[in-house]
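An overview of the molecular structure
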Amino acid sequence: MKKPSSSNPMWGGHYSQGPAEIMAQINECLDTDKRLYAQDIEGSLAHAQMLGDCGILSAKDVKAIQKGLRQVLKEIENGTFVFKTELEDVHMNVENRLAELIGDAAGRLHTARSRNDQVAVDIRMWTRSAMDRMIAHLHDLQVALVAQAETHAATLMPGFTHLQPAQPITFGHHLLAYVEMFSRDASRFADARERLNECPLGAAALAGTSFPTNREQTAKALGFKGAMRNSLDAVSDRDFAMEFLATANITAIHLSRLAEEIVLWTSDAFRFVKLSQAFTTGSSIMPQKRNPDAAELIRAKSSAITGANIQLLTLMKGLPLAYNKDLQESKPPVIKAADELEMMLAAMVGMIHDMTANADTMRAATDRGFLTATDLADGLVRALGLPFRQAHHITGRIVVMAEEKACRLDELSLKDMQSVEPKLTKEIFEILKPESAVKSRTSLGGTAPKNVAAEVKRWKKKIGMQGA
């Protein structure tokens, strides 16, 4: 393999030759690193200020460096900056351009730091920002779900176990279950953010520095609660990235579960909800089709986040202290997963706002599957004082009778029911109405419309919705 004859500007005089072509290719990470430019420049601005305040750099050099860095930032943001792959990463691209702008003073910026702590602070800041964005998107999703739940606090639908009709519930109650899930997701991001919020900058390569730096100053300037206390841990820790991906993975699974229900609900077999053309696609051959592709793609994209989570866990499991080049590969799964999750959340927010419930279809579905059988058993316990197991057995026999007659429970005659349990009275028919069954579920966490309305009110206050 050919080697370029020129020495590498990053590695100094120890290397008289450039890398092999394949080495240059495997070592380059610029496509990912470019995403960190804002954090890299922000960290360098704070580092330069600290070096100046500590008397390590002159005020003149600090002023030149900061002016140059702001110029580099402006060039990147307006699209005139030229990234060079031979410079490997965003750090060296920024430093190289800074040197073109201000000369030798640029070389003093790297005093008392290494690319090891530099990349550690960059990806930590980027992930912190990503966590903030996810929390904001989750809030928007909760708002959308609570708004629908308020509208449908008393809209009846079948509740399912094993995807079999089980008991009547309200659509609002069902949607609030996801509000709970996404609330936990937001709290996990917030909790992980709290642990993330320590600054590695100034730990240098792995052992700290002999310069009289002030790491607490840079930590504060960059919005951290303090500096990391161990230099080895500071440059090699990626717990925050693993926590981000683990939380992103759980959030993606919740989104996938909701997406799967939307796929089912919009199907012709259910017809519980309808999505407009804004969140569906047509068929190239079947003109009648309206496919819930947004939901299906959310369901599919969750697998990419699971993959990113596994990728980073596997990458980290065998790394000795401190920094290893393997950690270069910790950035792509974090950034990719953040991009995917942000898109998934935004799409789900749009779908929930767009979704129209077919209340009549949902209500009709509660008349199938003997959904009030448990209410009949509970009624036998209350009215006749029977042990629940005995009441359960009696109810099972009545259900068999209804199956044989191909009718609903409330379509059986009192005489039919009394042939199984003679003490039954006509009052039992009121219990068998889905509306009565749902209204009776007033226990904490139950599906009764008044419970749902109370929970909607609580959630509106908690997430700051208007009208709370």
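Structure: see above.
Below: a short report on this structure. (Residues numbered from 1 in each chain as written. Predicted model: local features only at pLDDT ≥ 70, side-chain atom pairs only at ≥ 80, totals over all residues. Heavy atoms only, no water.)

Here the focus is unusual backbone geometry. Residues other than glycine predominantly adopt negative phi, and peptide bonds predominantly adopt the trans conformation. L321 connects to A322 through a cis peptide bond whose omega is 10°. The residue A322 is located in the loop between α11 (293-316) and α12 (331-354) in this model. A positive phi angle is found at H162, which is not glycine, with a value near 60°. With respect to the helices and strands, H162 occurs in the loop between β1 (156-161) and β2 (164-170). The phi torsion at A204 lies on the positive side, around 60°, for a residue other than glycine. Note on placement: A204 falls in the loop between α7 (171-196) and α8 (215-221). For A204, a relative accessible area of 9% puts it in the buried group. (Helix = DSSP H or I, 4+ residues; strand = E, 2+ residues; numbered from the N terminus. Buried < 20%, exposed > 50% of the residue type's maximum accessible area, 1.4 Å probe, protein only.)

Scanning the model with the defined rule gives 1 cavity of 30 Å³ or more in all. Taken as a whole, the largest cavity spans an internal volume of roughly 100 Å³. Every residue along the wall of the largest cavity is listed here: T366, D367, F370, L371, T372, R408, L409, D410, L432 and P434. (1 Å grid on protein atoms, 1.4 Å probe; cavity = no way out; pocket = protein on both sides within 12 Å on 5 of 7 lines; lining within 4 Å. Points joined across faces, edges and corners; volume = space filled by probe spheres on them.)

So, about the environment of D117. Tracing the sequence through the fold places D117 in helix α6 (residues 115-151). D117 gets classed as buried once you look at its relative accessible area, which sits at 0%. Sequence separation of D117 and L313 is 196 residues, and the distance between their C-alpha atoms is 21 Å. Those residues in contact with D117 that lie beyond four places of it in its chain are P200, L201, G202, A203, A204 and V235. Of the polar contacts made by the side chain of D117, one reaches the backbone nitrogen of A204; its length is 3.1 Å. (Contact = heavy atoms within 4.5 Å. Polar contact = N/O pair within 3.5 Å; in protein donor to acceptor, adjacent residues only side chain to side chain.)

Quick look at a nonpolar patch on the surface now. A surface patch of nonpolar side chains, about 300 Å² in accessible area, is lined by I22, M23 and I26. Positionally, I22 belongs in helix α1 (residues 21-27). For I22, a relative accessible area of 47% translates into the label partly exposed. (Patch = residues over 30% accessible without salt bridge, like charges linked within 9 Å, V, L, I, M, F, W, Y side chains within 5 Å. Areas by Shrake-Rupley, 256 points an atom, 1.4 Å probe, with all protein chains shown as cover. Salt bridge = Lys/Arg side-chain N within 4 Å of Asp/Glu carboxyl O.)

Approximately 500 Å³ is the volume attributed to the largest pocket. Counting residues per element, the ones that place at least two in the lining of the largest pocket are β1, α7, α10 (239-266) and α19 (449-462). Sorting elements by how many residues they give to the lining of the largest pocket places α7 first, with 7 residues. Taken together, the residues of the lining of the largest pocket break down into 11 nonpolar, 6 polar and 5 charged. (Nonpolar A, V, L, I, M, F, W, Y, C, P; charged D, E, K, R; others polar.)

Here the focus is the pattern of salt bridges. A side chain with one charge can pair with a side chain of the opposite charge if their charged atoms come near. In the structure shown here, the tally under the stated rule is 29 salt bridges. Note that K433 is salt-bridged to E430, the shortest N-O span being 3.2 Å. The partly exposed category is assigned to K433, whose relative accessible area is 39%. On the basis of relative accessibility, which here comes to 43%, the residue E430 falls in the partly exposed class. Here E455 ties to R458 by a salt bridge, and the two come within 3.0 Å at their closest N and O atoms.

Turning next to the packing of α6 against α10. Close contact between α6 and α10 brings their axes to 11 Å; oriented N to C, the two are set at 25°. Comparing the axis directions of α6 and α10 gives the class roughly parallel. Both α6 and α10 take part in a crossing whose hand is left-handed. Of the residues in α10, those touching α6 at A120, I123, R124, T127, A130, M131, M134, L138, L141 and L145 are F240, F244, T251, L255 and L258. Class assignment of the residues belonging to the contact of α6 with α10 gives a composition of 12 nonpolar, 2 polar and 1 charged. (Axes fitted to C-alpha atoms, helices over the stretch in contact; angles between N-to-C directions. Parallel < 35°, antiparallel > 145°, perpendicular 65-115°, else oblique. Left-handed = near helix turned anticlockwise from the far one by under 90°.)

Scanning the entire structure with this criterion turns up 0 disulfides. In this structure C199 is a free cysteine whose sulfur lies 14 Å from that of C54, the closest cysteine sulfur available. (Disulfide = S-S within 2.5 Å.)

Moving on, we get to helix α15 (residues 388-405). Between its first and last C-alpha atoms α15 spans 25 Å; for 18 residues at 1.5 Å apiece the expected length is 26 Å, and the two agree. All of the buried residues in α15 are A391, I394, T395, I398, V399, M401 and A402. Viewed along the axis of α15, the buried residues span an arc of 155°, placing them on a single side of the element. What points out from α15, more than 90 degrees from its buried face, is the exposed set R389, H393 and E404. A406 sits one or two positions beyond α15 and adopts a positive phi of about 55°. (Expected span 1.5 Å × (residues − 1). Arc of directions from axis to C-beta.)

Quick look at the pairing of β1 now. By the bridge criterion, 6 bridges tie β1 to β2 in an arrangement that is antiparallel. Counted as the bridge partner of L156 is T170 from β2. Taking the residues that link successive antiparallel strands as the turn, the β1-β2 hairpin has 2 residues, and the phi of H162 there is positive, at about 60°. (Pairing = 2+ DSSP bridges.)

What follows is about the packing of α6 against α12. Taken N-terminus to C-terminus, the directions of α6 and α12 make an angle of 15°; their axes are 9 Å apart at the nearest point. Here α6 is positioned roughly parallel relative to α12, judged by the angle of their axes. Of the two possible hands of crossing, α6 and α12 adopt the one that is left-handed. Looking at side-chain class alone, the contact of α6 with α12 contains 17 nonpolar, 4 polar and 4 charged residues.

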